[in-house]
Amino acid sequence: MSNKKSPVQLQPTIQLLIAGASVVSFGVAGCTPQPEKVQALSSTPLTQTQTATNSSRAGADVQALVKLGPRVAGTPVMDKASTYLIQEYRKAGYVTEVQTFSYPKFQDLGSNIIVGGTTIKGRALNGSQAGKITAPLVAVPNVGRIADFAVVDVKGAIALVERGEIRFLEKAQNAQKAGAIGLVIVNNQSGNFPGALGGETKIPVFALAGEQGTLSDRAQKQRLEVTLNVNTRQANVTGRNVIAHLKGVTQPSVLLGGHYDSVPDSPGANDNASGTAVVLDIARNLAGTPLARQTWFVAFDGEEDGLHGSRAFVSKAEPQFLQSLKAMLNFDMVGVNNNLLVGGTENLTTLAQAANPGVSTFGGRGGSDHAPFAAADVPVLFFYRGQEPNYHSPNDKQVDPKLLDETTQVGLDIVKRILISDRAPSK
Ligand code: BES
Ligand code: ZN
């Protein structure tokens, strides 16, 4: 594909936000203003490549990434995903570098429970002990508080509790204290769930889909001898950040990023092919403008395992490189929900809101790749559209291309405002 550009004025943000709001559909036909009637917010419009909503390039990027399957760090799918990104950045005129890093990763090699000769697949909780144990299954009432364990005898048994209300680690510690040698947590809704213990236990902890809740009734009615097989290991994985910039640009003023890995079993359309695609599309739009010489673009790997890609990037960067950054803009989950939210350094959230009145701020619950930059005193701005039902699930397979394009335009506008301001935002 060639790198053709048609000179099109940057659409004014106000129009884009209204266009985004029209997705909500209030049932008022014809209320979306025509582009030519909207006054540009900026007096120095950029030249950019057309991003028509009905042929959203960011939408096509999300589809291309989702088609590869779950993008779990350290798996061959990430080779394919990084190859796709490298190709697209090169087509847009950028040079790319792959920055590799390694970290120990907990892996579930396939865990199950065998009940009466039937094998039921489930998941090891992240951080769980491995083990294959045969013992009676004891259904514990409720969610596994200390009081719940007090009414049953789980000594030497595998305990079964419901998900919810208290932390996984607390359930596991209570089970262990009550003498259980394994713990099964049944989901309180259909499907399974990716869970992390977030601490040490001595017993294997295993997650079952909500549909398997009948196992609890069966265990209450009769003594069930089961085999719990939690098959895990800790292995080093190699992650790869894809870095793109114009040839010879060694010191950017703004760094845009988003993670391109996903959690296991999730196609990660919104989390976070969406942010990856928006960063790539901002790069396409900036290519050919002078601002591209002040910008770097990074697709981070290993975010879902604990921000490993962004932490590696920050730890490998020269202090001078980080100090010279006016801003790090992170895009994570920007393809679902109409409201565009920003969090981060106050001066930048203020700038974002002043430029785009439709943007709201949020408190910043949840970790993402801006965090290691903020910890290194780089001003950060985090773009996010809020929680959604398909977060970290196999159903995270679709985004709204209009929302991607709207985010691209808002991001472009903010990059431009940051770069034309001479003073670095104070922290
Ligand atoms: N996309 C989310 C980030 C997120 C989640 C931001 C909720 C804001 C609210 C990210 O991929 C994620 O799931 N992060 C983890 C933490 C990370 C260190 C594994 C989270 O927030 O639980
Ligand atoms: Zn994410």
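As the structure is a prediction and not an experimental result, all values here were calculated from the model.

What counts, and where the lines are drawn
Residues numbered from 1 in each chain as written. Chains lettered and ligands numbered in written order. Predicted model: local features only at pLDDT ≥ 70, side-chain atom pairs only at ≥ 80, totals over all residues. Heavy atoms only, no water. Pairing = 2+ DSSP bridges. Helix = DSSP H or I, 4+ residues; strand = E, 2+ residues; numbered from the N terminus. Contact = heavy atoms within 4.5 Å. Axes fitted to C-alpha atoms, helices over the stretch in contact; angles between N-to-C directions. Donors = N, O, S within 2.8 Å, 3.2 Å for Na, K, Ca; no water. Tetrahedral: all angles 85-135°; square planar, octahedral: opposite > 155°, others 65-115°. Buried < 20%, exposed > 50% of the residue type's maximum accessible area, 1.4 Å probe, protein only. Core = buried A, V, L, I, M, F, W, Y, C linked by side-chain atoms within 4.5 Å.

Observations regarding the sheet that holds strand β15 (residues 341–344)
Part 1 of the reasoning: Strands sit in the order β3-β11-β13-β12-β14-β17-β15-β16 across an open sheet of eight strands; the sheet is mixed. This sheet does not close on itself; its edge strands, each paired only once, are β3 (95–108) and β16 (360–361).
Part 2 of the reasoning: Where β15 and β16 come together, two bridges link them in parallel fashion. If you follow Leu341 over to β16, its bridge partner there is Ser360.
Part 3 of the reasoning: Strands in contact with helix α7 (residues 269–286) are β12 (254–259), β13 (295–300) and β14 (327–331); relative to β12, the strand with the most contacts, it is inclined by about 150°.
Part 4 of the reasoning: Strands β3, β11 (232–245), β12 and β13 of the sheet are contacted by helix α8 (residues 308–316), whose axis makes an angle of about 125° with β3.

Focus: the coordination of the zinc ion (ligand 2)
Part 1 of the reasoning: Coordination of the zinc ion (ligand 2) by the protein is provided by His259 (NE2), Asp271 (OD), Asp332 (OD) and Asp332 (OD), with metal-donor distances spanning 1.9 to 2.7 Å.
Part 2 of the reasoning: Coordination at the zinc ion (ligand 2) is irregular, judged from the six donor atoms that bind it and the angles of 50 to 165° they form at the metal.
Part 3 of the reasoning: We note that the donor set of the zinc ion (ligand 2) lies within a single chain, spaced as H-x11-D-x60-D. Remark: Asp271 occurs in helix α7 and His259 occurs in strand β12; sequence separation between them is twelve residues.
Part 4 of the reasoning: Asp271 sits in the buried class, given a relative accessible area of 4%.

Thoughts on the nonpolar core
Part 1 of the reasoning: Grouped together as the largest cluster of nonpolar side chains are 67 residues, with contacts concentrated most on Tyr94, Leu255, Phe297, Leu329, Phe373 and Phe383.
Part 2 of the reasoning: Per-element tally for this core: the top contributor is α7, with nine residues.
Part 3 of the reasoning: Grouped together as the second largest cluster of nonpolar side chains are 21 residues, Phe106, Leu160, Leu224 and Val226 included.

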